[in-house]
Structures are given as structure tokens and as C-alpha cells.
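An overview of the molecular structure
Residues per chain are reported as follows:
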Amino acid sequence: MEKVAITPQPFYSIESLIDKCSHMAQTDTELIEQSKAGNFSAFEQLIFRYDKDVLNIASRYTRCAEDAKDIYQETFIRVFKGLSKFQQQSEFSTWLFRIATNVCLTYREKKKRNLHLLLDDDNDDETTAVVAVSDSETDSQTFGNEISYRIENALQNLSPKQRLVFTLRHYQDYKLKDIAVMMNCAEGTVKKYLFEATQKMRIHLQDLYG
Amino acid sequence: MKKEVYKELMQLSVYGELNSEDQVKLDVYLKKHPDLNKEYQGLKELKSFISQNTSSKTSDSLLSDARSQLRQALRKERNKKSIVYQIIAVAVEFIQPKIAFGGALILLVGMVIGYYSFSPMASEHGLLFQPAINSSDARPQTSISNVRFIDSDASDGEVEFEFDAVAPMHIKGKIDDPEIQKLLTHALLNESNAGVRLSTVNAIRHHSENKKIIDPLIKSTLIKSLTSDSNPGVRREALRVLQQYDFDADIRDALLFVISKDNNAGLRVAAINAFEMIKMDGTKFDVATINALKQQIEKEQNNYIRNRAVNLVKEIYQ
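Quick look at the structure, then.

Rules behind the numbers
- Residues numbered from 1 in each chain as written.
- Chains lettered and ligands numbered in written order.
- Predicted model: local features only at pLDDT ≥ 70, side-chain atom pairs only at ≥ 80, totals over all residues.
- Heavy atoms only, no water.
- Salt bridge = Lys/Arg side-chain N within 4 Å of Asp/Glu carboxyl O.
- Helix = DSSP H or I, 4+ residues; strand = E, 2+ residues; numbered from the N terminus.
- Buried < 20%, exposed > 50% of the residue type's maximum accessible area, 1.4 Å probe, protein only.
- Expected span 1.5 Å × (residues − 1).
- Arc of directions from axis to C-beta.
- Polar contact = N/O pair within 3.5 Å; in protein donor to acceptor, adjacent residues only side chain to side chain.

Observations concerning the pattern of salt bridges
- Per the stated rule, a full pass over the model turns up 24 salt bridges over all chains.
- A salt bridge links Glu77 of chain B to Lys81 of chain A; the shortest N-O distance between them is 4.0 Å. Of this pair, Glu77 of chain B sits in helix H4 (residues 60-95) while Lys81 of chain A sits in helix H5 (residues 65-82), which puts the two residues in different chains.
- Residue class for Glu77 of chain B comes out buried when judged on its relative accessible area of 10%.
- Given the relative accessible area of 47%, Lys81 of chain A is considered partly exposed.
- Between Arg252 of chain B and Asp286 of chain B there is a salt bridge, and its shortest N-O distance comes to 3.7 Å. Here Arg252 of chain B is found in helix H11 (residues 249-261), whereas its partner Asp286 of chain B is found in the loop between helix H12 (265-280) and helix H13 (287-299), with 34 residues between them in sequence.
- Assessed through its relative accessible area of 30%, Asp286 of chain B is described here as partly exposed.

Here you go:
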């Protein structure tokens, strides 16, 4: 086989290097086009660039591994179904995280509805509902020590939007303006949710750090 | 400005979202208002308290599990789509007979080519892939899974269903063979089992020992594995293999990527070690590389890694 000697290239900024490395094979745009043409491997390659972040957001948001996996799956199924209509007027990641935040926000309601359906059913659902709840509680207890358990509990006392904003800003380190794009709302609204969330967290955790 | 406005500025400041002008205004105001200053310090403490006492991020096993379930769900979605496409194809056939005839002709040509390519006779004449044969019954061991009934009503004497049939294939060849290399790179990037990915890197490593120039496809695959594989063990092996080759811009970029982006401290240390080895070989680093390392020193949270990076930069200057 013919061997090709590689000549060092000029060096630029760290950002461009990181960008170059992370997209060394193909750009998002190229992968999107290939995915639209039916190349499933390209689609997997595309989503696996971002799926860890989506799972992190979902895990922080729900604090339950099973729920996080549900949100993760629902997000990427929606991406799969909607990719053909995605016009690339925004970054793929922006579009993806917008879907992910939507799924997070609607997930709890959907789950509540499902739980009610289970409870209303006449068959052996009492057991099923109890199992569903106790599974979730068991998951929550695996989150580590008492302090982190208290923090997770304080997070669960926030409203869904407050919790999502707090999660995205505090744990995922997204800027407020980026969160506003993801949640499709004004930056001022995001600030409001973050401030409310912080106040509530302070009240819940005051005895631990004050 | 009102007190409430300063409270908002306090929150923004804690999250590093305040511009320098407003930060100065806030600092001046807080000096004059100890009560608010106390609240500001409280907010900072809260942020640092939560950061320090939060359980670690999503585990690799959870991610792997989620990916596996997602693959299954996507496969179902694809099946649904393919049924829709079949319906559309039938509709097109009725609407445009010429196009349908063209399609049928192409299909026929494809079948003929397929027959001559994959028939047993063709296999005897050096086809690359061979089905793995079970010696007891001399038939390929095809596993059947994911059976989906289309019509399970047997009242008319017939049932209809689909299933996935997977036959193991066997291949043996020179590692320099482009086809073998394609399979190895595919396995390294797509195989869900981390052990298999690791074995693939090891195979490449054995092949690459004492070689200084690397095949571009293998190199880009190893770099991709180093920068994106979910398993730190696989990333570590990929780095080890890349270290064997002549240092170039791509390898340098990948090492800098690991130092700045990899969440595994061991790998960041390994990347710094790699730079040290390269330096010992007499390679000179340009200013931009040194600057990139300096930037990382400022960002690095781990004291040990920061010290190692500082020493590396010092050594480069010497």
C-alpha cells in the first residue's frame, strides 16, 4: 500500500484546533445531508456527538436514570423524525437542545398522565403504580451522600422551568442567552427563572452551607 | 439604580455574566451596603457549595445503555419508514409506469450482479467474505431475532412475518489490505462493545510497531477514537498508538484536544506525557502550541495536572 508522508500544517488558535479535531472526519452539515439521504451510520455519528450532553441534562433534570433514558430516547426519536424538515437555519446543536428542553418540560406532565391512567385502570394497576413510584425513589437514593441528596431534593422543589434553567446554567454551564434560544423565550425570562431558582435553593439549603 | 437592580446584578456576577462596567458599579455599591454584600457572599457560597457536593456526571454505562435502547427504538422507526416508502413506491408504479419499468430493470440488473457476486461459485474464486461454517451441519449459523408479525391469523393457513437474520462472517487477510483496514476502522468507530474496540486498537498497535509513517485512514480513525470514544480505556490505547508515529499537526491537535477537553484526568496526564516524550525526541514546539498549553494551565482545575503542564512549558522554554 502506498504510504503518504504527512507534513505539519500551520498552527492557529486553540479554538480552531478543537473545532478541527472534533469535526476531523465530517462536519455536522455533511452528516446531516448524508443522514437525510438515508445514511443511518452518518445519523448515529451526528447524534453521538451531542448525546452525552443530552443525557447529562436529562439526568440532572429528572435525577432518575430511567426517566433520563426516556427523555434521551424521545429527544433523538424526534430528531430522527424531524431531520428531513430541518433547514439548517440554526446550528444543529441549537435545534437538538431545543428539542431536548421541550421533551424535558413536557415529560413530567406526560408521566403524570400515564400514572393517572394506571391508577384509574381497574386491573392490577395498583401494584404497577406502586412499583413505578418506588423505582423512582430507589433511583433517587442512589445519588450519593446525604448532602447531594438534599441538593437533589431542593432541585426537585423547583418548578420545571426553574429547574431546567438552573440545570442548564449551573451544571451544563450554558450562557443565559443560549438557554433563552434553547427554550425559545426571552433572556429576561431565563434570568427570572434562574433568580427564582437560586432563591429557593438558598432557602432549602441554608442550614447546610450558611 | 434601585436595590432590586443590584440584586439582579449580584446574581449575574455570581454566574460570571456581568460586564466589567456593571461589575465595577456593583463592587462600589456593595462596599457601601454591607447587608447586600453579605447576601452576595452567600450567593457565591451557595454556588460553590452545590458545585462541590453534587454527584458526578452521567456514567459511561448509563450512556451505553441509553444508546443501545435508542438504537433499538430507531430501528423500529426505520422499519415504519420503510413500510411507508414501500407504499409510496407502489403508488408511483401505478402513476408512472415508465419510471417503474426503469426501477424494475435496475433491480433486475442488481439481482444478476448480486447472484454472480455472492453465489457459491463466486466464493470459490476468492471472494473476501466467507460465512462462518458450523462443522457439524455445514451451514452458516444464522441467528434470527426481532420477529415481527405482519399477519398472525392462521385461519387461512398462512402467516406472514418479518425478522432480522444475522449470519456471522469470517475474514482473514493481511492487515495492510485496505478492505481489512476499512473493517477495523469501522469496528473501532461503530462497535458498541468497548472490549472489541480495544482489541481493534491493539491489532492496529501490533501492526504499527516500529513504523513511523501511518496510513491516513488509520490515523484519522485513531484520532477520532481518541477524541470521541466514550470509553477512557479505548481512548488511552488510541493515544498510545498515535504516540508511536511521527509527530505532526494532526497528532498535536488531537493531544491538545485531550488536554483541553477530555474529562478523564488520567488521559490529560497521558497527553502531557506524550508532549514530553515528543520534546525529548528533539521536536521543537511553535509559539501557538505553547500558548495553547498556557491557556490550559489557567483553566485546569486539577493541581497535579496544572503543575505537570507548567513544568512542560518550562522545559520547552529551556
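From this point, the narrative continues.
Considerations on H13 of chain B
Residue and element names in this part refer to chain B.
- For H13, which comprises 13 residues, the first-to-last C-alpha distance of 19 Å matches the rise-based estimate of 18 Å (1.5 Å per residue) to within 8%.
- What H13 keeps buried is the set Thr289, Ile290, Ala292, Leu293, Gln296 and Ile297. Angularly, the buried residues of H13 cover 160 degrees about the axis, an arc narrow enough to put them on a single face. Looking at H13, the residues exposed on the side facing more than 90 degrees away from the buried face are Val287 and Glu298.

A word on the side chain of Ser59 of chain A
All names here are of chain A.
- Structurally, the position occupied by Ser59 is in helix H4 (residues 51-62).
- Assessed through its relative accessible area of 12%, Ser59 is described here as buried.
- A polar contact of 2.8 Å, which involves the side chain of Ser59, links it to the backbone oxygen of Leu55.

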